[in-house]
Amino acid sequence: MRSYVPAYELESPRDLSAALDRVAAEPGAWKPLAGGTDLMVLLEAGKLPHRKFLSIWKLPELRGIELTADHAILGALTTYAEIRRHELLASEFPLLARAAAETGSIATQNRGTLGGNIANASPAADSPPALLVYDAELELVSANAARWIPYQGFWTGYKKIAMRSDELIRRVRLPRPAAGSVVTDAGAPAATKHYYRKVGTRRAQAISKVCFAAIAQIGNNRIANARIALGSVAPSVFRAVETESILQGETPTPALLRAAQETLTREIAPIDDIRSTARYRHRIAQNLLAEFLELLSS
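What you see is a predicted model; the values in this text were computed from it and never measured.

Cut-offs applied
- Residues numbered from 1 in each chain as written.
- Predicted model: local features only at pLDDT ≥ 70, side-chain atom pairs only at ≥ 80, totals over all residues.
- Heavy atoms only, no water.
- Helix = DSSP H or I, 4+ residues; strand = E, 2+ residues; numbered from the N terminus.
- Rg over C-alpha atoms; globule rule 2.2 N^0.38 Å.
- Buried < 20%, exposed > 50% of the residue type's maximum accessible area, 1.4 Å probe, protein only.
- Contact = heavy atoms within 4.5 Å.
- Areas by Shrake-Rupley, 256 points an atom, 1.4 Å probe, with all protein chains shown as cover.
- Lys, Arg positive; Asp, Glu negative; His and termini not counted.
- Charge placed at Lys NZ, Arg CZ, Asp CG, Glu CD.
- 1 Å grid on protein atoms, 1.4 Å probe; cavity = no way out; pocket = protein on both sides within 12 Å on 5 of 7 lines; lining within 4 Å.
- Points joined across faces, edges and corners; volume = space filled by probe spheres on them.
- Nonpolar A, V, L, I, M, F, W, Y, C, P; charged D, E, K, R; others polar.
- Phe/Tyr/Trp six-rings, centres within 6.5 Å; stacked < 30°, edge-to-face > 60°.
- Pairing = 2+ DSSP bridges.

Caption draft 1: The overall build of the protein chain, seen in detail. For the protein chain, the count of helices and strands is eleven helices and 14 strands. Here the C-alpha atoms of the protein chain give a radius of gyration of 20 Å, agreeing with the 19 Å that 2.2 N^0.38 yields for 298 residues. Along the first, second and third principal axes, the C-alpha set of the protein chain runs to 80 × 45 × 30 Å. Put simply, the protein chain has 298 residues, and 48% of those count as buried. A sequence separation of at least 24 residues applies to 60% of the contacts in the protein chain between residues at least 6 apart. In the structure as shown, the protein chain presents an accessible area of about 14,700 Å², 51% of it carried by carbon and sulfur atoms. Distance between charge centroids for the protein chain: 6 Å, based on 36 positive and 30 negative side chains.

Below you can see the structure in the form of structure tokens.
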């Protein structure tokens, strides 16, 4: 009788230190596996070159949501379901909670993790645009060191990230909004407006054709601190910094919208693929920007 030999190796380290020692001993050989919502699909399809997997799902050092006076700190293994159910995250970071609610099915939300969504580096991922507009930071750890880096700039190209092969994502840090950080000429706090839209073939369980997250303060009918991030319209999720600069200090008007739309068109670089066309993505991105400015006007 022929014995079955698995085509892959799977190890479950006892703690984070053991996991980091393993990836340090063989850099690039071991692929971290958390919820598996992306990796298992690729493995089943025979499109995953790795044959050594390191299960980090049970590592307590990568779990938990911590709140300080200045930050919300999420362990890399925080699931979409945990984000969606967390009252403070829903209140202070509604775009992230909305992204979590629109990611896949309930089963996917129970298994999929924030760290996995980041490390997978898909330009169509749902949570990265929200993380970008909230100025997220990542804690990367290795066997010998730990470092915090801005999430903006973490992507270096299509499916490429600024993380070494001996590092894991341990935590994600979000600066909590400061009360009254922007005030009007009359001394009253400016209103903060949050906007998130995921456009796909269906309302649920669909990969985005365009994902748009934005936040700004509006006071005395002028825009301040505008931050805009998009997915599925470039090789990586990115901040539309040129479009943001067009909006700063301005009053929402049709002329401002036209100028911002023209700038956004130059910033994005969508492609034709199985889900959509570049032309459609250009038009949708412009329409979502118009919705955001309409929100600021309301």
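That was the structure; now back to the text.
Caption draft 2: Structural detail: the layout of surface pockets. Within this model, the largest pocket holds a volume of roughly 1,000 Å³. For the lining of the largest pocket, the per-class residue count stands at 16 nonpolar, twelve polar and eight charged. Sorting the residues of the lining of the second largest pocket by element identifies β2 (31–33), α2 (39–44), α7 (114–120), β9 (160–161) and β10 (168–175) as the ones contributing at least two each. Examining the composition of the lining of the second largest pocket, we find that five residues originate from one element, α7, more than from any other. Broken down by class, the residue content of the lining of the second largest pocket amounts to 20 nonpolar, twelve polar and six charged.

Caption draft 3: Here's a closer look at the environment of arginine 111. The residue arginine 111 is located in helix α6 (residues 106–111) in this model. The exposure class assigned to arginine 111 is partly exposed, which follows from its relative accessible area of 35%. A C-alpha to C-alpha distance of 27 Å links arginine 111 and glycine 157, two positions 46 residues apart in sequence. Ignoring any residue separated from it by four or fewer positions in sequence, one finds arginine 111 in contact with Ala34, Gly35, Thr37, Trp57 and Thr79.

Caption draft 4: Broad picture of the packing of aromatic side chains. Under the counting rule described, the total for this entry stands at five aromatic pairs. Taken together, a centroid distance of 6.2 Å and an interplanar angle of 80° make the contact between tyrosine 8 and phenylalanine 53 edge-to-face. Taken together, the positions of tyrosine 8 in the segment before β1 (9–11) and phenylalanine 53 in strand β3 (residues 52–55) put the pair 45 residues apart, joining distant regions of the chain. Here the aromatic residues Tyr195, Phe212 and Phe292 are joined through ring pairs into a cluster of three or more.

Caption draft 5: Fine view of the pairing of strand β13 (residues 222–231). In terms of burial, β13 is a largely internal element, seven of the ten residues being buried. By the bridge criterion, eight bridges tie strand β12 (residues 210–219) to β13 in an arrangement that is antiparallel. The partner of alanine 214 across the bridge, within β13, is isoleucine 228. Between the end of β12 and the start of β13, which pair antiparallel, lie two residues, with asparagine 220 showing a positive phi angle near 55°. As consecutive antiparallel partners, β13 and strand β14 (residues 238–239) are separated by six residues, and within that stretch serine 232 has a phi angle of approximately 70°, a positive value.

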